[in-house]
Amino acid sequence: MKLPGALGSLYLMGFDRVIAQKSSSSKGSWFATENDEFQMMKQFSFSTPLTISPTPRKTSPPTTSSPTEGPTFFPTNEPTFLPTYLTSPPTEGPTSAKTPAPTDFVCSELETQDFSEYNTRLEELYTEVSYVGAFNGDDPDRLDALNFVRDERLCASPTRMVQRYISALFYFSTNGENWNAANFEGEEWLSPEHECEWGSLECTKDQIIDQISVDSSNLSGTIPVEICKLPLLEVIDLDDNKIRGKIPSNIGKCDNLRTLDLDNNRLVGSIPDTLFDLKLLEILDLDNNNLTGALSGKIGRFTELAYLSLFDNIFTGTIPQAIAKLENLQVIYLDLNEFTGTVSGGFCDRKYTDFTTDCAAAGQDKKVECSCCTNCPP
């Protein structure tokens, strides 16, 4: 998206608008010996020499000195003693305690005392985030995200645990194994690092995600509805990928969202009504998709909207007059759709940096009558 005029210095977020394209439609064990010295002598004399292999962390194997003379094979005189195990009762076992087995996994932040409780708590927590039955085996993306956190045995506050889960779910839902890995070199997703260190995730100083900007990275699959459970999310920038499906129906729950940039993907369906609940939205960029339906007059709720790009979709009906009431709106791209009717009234009472519809050039068939549009592509 390229913003004309003064907007170019205000929005440096990679929203590409190529007018030329518009016009053409487009990761050695030791051995135990008997207490009998004679048995020890025989074992030492006749056994195969023990070889000790170096451990990976050693630069060289431990060295041992060899005796100058080997032990005699047999005593010169009859032994004058009997083995102690024949003359004395066995002694008690070792006085030192055995090394205790590892303690159960305890996570104080989740108030769990063992791994079984931890696993149950994770499923309860993530079921609240997703939906009942999300982990019964029918939803591989959500099950993979759960297993990712479970296998890590991450122990953190519920807020952090949810953020980790949603980040992993986003990766699995958009087929992260097929992303352009070069775009995330040194910042790989699903690494043991804090998710704020994963490439294209931006966070506040308190390590709360506020931006997901993964554009031009070969994302496919769908956008998980859980994305709006990230409470401080302000930017969703996923343009120039292969994301399919619909815009999440609960997108209006992203209360702090200021930028929604999903252009040049494979989205279908209509704009969900909940999207018009985003009172802080400044940039709505949905061009170059397969979106359908009429554009709702609820768009007039976007009092902060400055940039609206819906070109190259399949929208129908008339252009809502409510758009004319958006005082901060400077750029409007509505061409290459099936809009009809007349643009008049309040639209032409003010000046836009760019206002494009299918008004057509002089002498050509028009879908839209617009006397104040700045551009009428053929």
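The structure this text deals with has already been given above.
Now for a quick tour of the structure. (Residues numbered from 1 in each chain as written. Predicted model: local features only at pLDDT ≥ 70, side-chain atom pairs only at ≥ 80, totals over all residues. Heavy atoms only, no water.)

Some words on the packing of helix α4 (residues 115-129) against helix α5 (residues 140-152)
- One way to put it is that α4 packs onto α5 with a least axis distance of 11 Å and a crossing angle of 145 degrees. Crossing geometry of α4 relative to α5 is assigned as right-handed. Between α4, through Phe115, Tyr118, Asn119, Leu122, Glu123 and Tyr126, and α5, the contact on the second element is made entirely by Leu146, Val149 and Arg150.
- The residue inventory of the contact of α4 with α5, partitioned by class, reads 6 nonpolar, 1 polar and 2 charged. (Axes fitted to C-alpha atoms, helices over the stretch in contact; angles between N-to-C directions. Helix = DSSP H or I, 4+ residues; strand = E, 2+ residues; numbered from the N terminus. Left-handed = near helix turned anticlockwise from the far one by under 90°. Contact = heavy atoms within 4.5 Å. Nonpolar A, V, L, I, M, F, W, Y, C, P; charged D, E, K, R; others polar.)

Regarding the state of the cysteines
- For the structure shown, the criterion picks out 6 disulfides.
- Across a sulfur-sulfur distance of 2.1 Å, cysteine 107 and cysteine 155 are joined as a disulfide pair. Here the disulfide of cysteine 107 and cysteine 155 is right-handed, its torsion about the S-S bond being about 95 degrees. In this pair, cysteine 107 is assigned in the loop between α3 (84-87) and α4 and cysteine 155 in the loop between α5 and α6 (158-173), connecting sequence segments 48 residues apart. (Disulfide = S-S within 2.5 Å.)

With respect to a negative patch on the surface
- A grouping of Glu185, Glu187, Glu188, Glu193, Glu197 and Glu202 is seen on the molecular surface, where their side chains present a negatively charged patch.
- Relative to the helices and strands, glutamate 193 resides in the loop between α6 and β1 (201-203).
- Residue class for glutamate 193 comes out partly exposed when judged on its relative accessible area of 49%. (Patch = residues over 30% accessible without salt bridge, like charges linked within 9 Å, V, L, I, M, F, W, Y side chains within 5 Å. Areas by Shrake-Rupley, 256 points an atom, 1.4 Å probe, with all protein chains shown as cover. Salt bridge = Lys/Arg side-chain N within 4 Å of Asp/Glu carboxyl O. Lys, Arg positive; Asp, Glu negative; His and termini not counted. Charge placed at Lys NZ, Arg CZ, Asp CG, Glu CD. Buried < 20%, exposed > 50% of the residue type's maximum accessible area, 1.4 Å probe, protein only.)

What to know about α4
- In this model, α4 (15 residues) spans 21 Å end to end at C-alpha, consistent with the 21 Å of a helix rising 1.5 Å per residue.
- Every buried residue of α4 is accounted for by Tyr118, Asn119, Leu122, Leu125, Tyr126 and Val129. Seen along its axis, α4 keeps its buried residues to an arc of 130 degrees; they face one direction. Counted as exposed and oriented over 90 degrees from the buried face of α4: Ser116 and Glu128.
- Summarising the contacts, the buried residues of α4 are in contact with α5 and α6.
- Where α4 begins, the capping side chain belongs to aspartate 114, and its oxygen is found 3.2 Å from the backbone nitrogen of serine 116. (Expected span 1.5 Å × (residues − 1). Arc of directions from axis to C-beta. Polar contact = N/O pair within 3.5 Å; in protein donor to acceptor, adjacent residues only side chain to side chain.)

Thoughts on the pattern of salt bridges
- In total, this model carries 10 salt bridges according to the counting rule given.
- Residues glutamate 123 and arginine 150 are paired through a salt bridge, measuring 3.8 Å at the closest nitrogen-oxygen approach. Remark: arginine 150 occurs in helix α5 and glutamate 123 occurs in helix α4; sequence separation between them is 27 residues.
- Arginine 150 sits in the buried class, given a relative accessible area of 16%.
- One salt bridge connects glutamate 195 with arginine 164, and the closest N-O pair in it is separated by 2.9 Å. One end of the pair, glutamate 195, is in the loop between α6 and β1; the other, arginine 164, is in helix α6, and 31 residues separate them in sequence.

A short note on the sheet that holds strand β8 (residues 290-294)
- The 6 strands lie next to each other as β4-β6-β8-β10-β12-β14, forming an open sheet whose pairing is parallel. Edge positions in the sheet fall to β4 (244-245) and β14 (368-370), since each of these pairs with one other strand and no more.
- One ladder, built from 2 bridges, connects β4 with strand β6 (residues 266-269); its direction is parallel. Paired with arginine 244 across the two strands is arginine 266, which belongs to β6. (Pairing = 2+ DSSP bridges.)

Quick look at α6
- For α6, built from 16 residues, the straight-helix expectation of 22 Å at 1.5 Å per residue is met to within 8% by its first-to-last C-alpha distance of 22 Å.
- Within α6, 13 of the 16 residues are buried, which leaves it mostly tucked inside the rest of the structure.
- Looking one or two residues past α6, asparagine 175 carries a phi angle of roughly 55 degrees, positive in sign.

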